[in-house]
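Okay, here's what each chain looks like letter by letter:
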Amino acid sequence: MKKALSLILVLTVFAGMALGSGTEKKNEETKQIVNGESSNANESSTANSDGAAVATEEKAETTKASSIPTIEQQVVYNADGITITAVEYTHDDFWNSDGIKFLIENNTQQNITVGVKALIVNGFMVTDLFAADVASGTKKNETMNLLSNELDAAGITSVGEIEIYFRIYDSDTWKDIAESDRVVIQTSNYSAMDIEADTSGSVLYDEGGIKIIGKYVDESSFWGKSVVLYIENNTDKNVIIQADNLSINGYSLTSLFSSTVYAERKAFDDITLLSSELEENGITSVDEVTLKFEIMDENFSTIKKTEAITFKTK
């Protein structure tokens, strides 16, 4: 089980690298998504890639010039012999990565692992890789890294608010011990944080408070190619969005996409297209995509299944 978890974490790191790197691709390495014949695409807009690139560069310069934020030391979880204290906001120059340093105290008779069910920065869902093992009767300092490529993907240059849902389980049996309520940590940059998303692209679905925008196709992502999406959940429920019946240029491919977006939160996520399947079908360029979205609640009960949505690239 532990080996399996380690593999999952490694794959998650690579997936995060893939998404983050995709946002920094040059124009010739990406293809903008445009609406094709789709009854669910209620509106469309053409992304101004040059303008977006300029805006990204300007934001990057602003980031370099801005100071690293700070937080107040605070206890964020204290129950049943387990205490989690947010100690400080950190920055690693080598990895160019920000983070939150936590002190975890385990005064129980169990060895525990503290993980994260969901991590949200400035209202955007981001990937977390936090897993801290703390032996019975000991304490440990551990840093939760805010991956720079994940922040870049969401256009975040100033971290103002971090929301965390901790999950605590027994390190030996993998049985859940507890889940925290929403933990909110505000930084000294709270009043200046980035909360507006780049919504340019093609609207693929906009119904019932859920909006999905096709941003672009990354022709050289880590796993092969990927379709980058922007998702807004303007409902009062957490949702899971998956893509089914995926075909590229008329060829059926495996759909590798599942995105959890909490209530009133946003996300940038990508549909992974494996290079092996693309090569098997002779696909060198993603020109037309057809898929169906399934939107579910946290219990995987279906809220909505769309009809086939077809869109093209240019």
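Nothing here was measured: the structure is a model prediction, and the numbers come from that model. All residue numbers here refer to positions counted from 1 along the written sequence of the relevant chain. Only residues with pLDDT of at least 70 get local features here, since the model is predicted, and only at 80 or more are side-chain atom pairs given and counted; chain-wide, interface and lining totals rely on the full set of residues. Heavy atoms throughout the structure, all of them, feed into the side-chain values; hydrogens and water do not.

Q: Help me understand the pairing of strand β9 (residues 161–170) in this model?
A: Remark: a regular strand shows side chains that alternate across the two faces of the sheet. β9 sits mainly inside the fold: nine of its ten residues count as buried. In the sheet, strand β5 (residues 112–121) pairs with β9 via nine bridges, with the strands oriented antiparallel. Across the sheet, Ile120 pairs through a bridge with Glu163, a residue of β9. Only strands joined by at least two bridges in the DSSP assignment are considered to pair. Every helix listed is a DSSP run of H or I at least four residues long, and every strand listed is a run of E at least two residues long, numbered separately from the N terminus. Adjacent in sequence and paired antiparallel, β9 and strand β10 (residues 176–179) are bridged by five residues, among which Trp174 carries a positive phi angle near 65°. Think of it in three bands: with a 1.4 Å probe and only protein chains considered, a residue is buried below 20% of the maximum accessible area for its type, exposed above 50%, and partly exposed in between.

Q: I tried to follow unusual backbone geometry on my own but got confused; where do I start?
A: Keep in mind that most residues, glycine aside, have a negative phi and that most peptide bonds are trans. In this structure, Asn249 is a non-glycine residue whose phi angle is positive, near 55°. Of the residues examined, Asn249 reaches a relative accessible area of 26% and is grouped as partly exposed. At Phe300, a position not held by glycine, the phi torsion is positive, near 65°. Positionally, Phe300 belongs in the loop between β19 (288–296) and β20 (302–305).

Q: So what exactly am I meant to see when it comes to the packing of aromatic side chains here?
A: The geometry of an aromatic ring pair is captured by the separation of the ring centres together with the interplanar angle, meaning the angle of the planes. When the centres of two rings from Phe, Tyr and Trp lie within 6.5 Å, Trp using its six-membered ring, the rings pair. Their planes under 30 degrees apart give stacked, over 60 give edge-to-face, and anything left gives tilted. Under the criterion given, the structure shown has six aromatic pairs. Measuring from centroid to centroid gives 5.0 Å for Tyr230 and Phe268, while their planes differ by 45°, and the two rings are tilted. With Tyr230 in strand β14 (residues 224–233) and Phe268 in strand β18 (residues 265–274), this pair connects stretches of sequence that are 38 residues apart. Exposure class is identical for Tyr230 and Phe268. Each is buried. Chaining the aromatic ring pairs together yields one cluster made of Phe102, Phe130 and Phe166.

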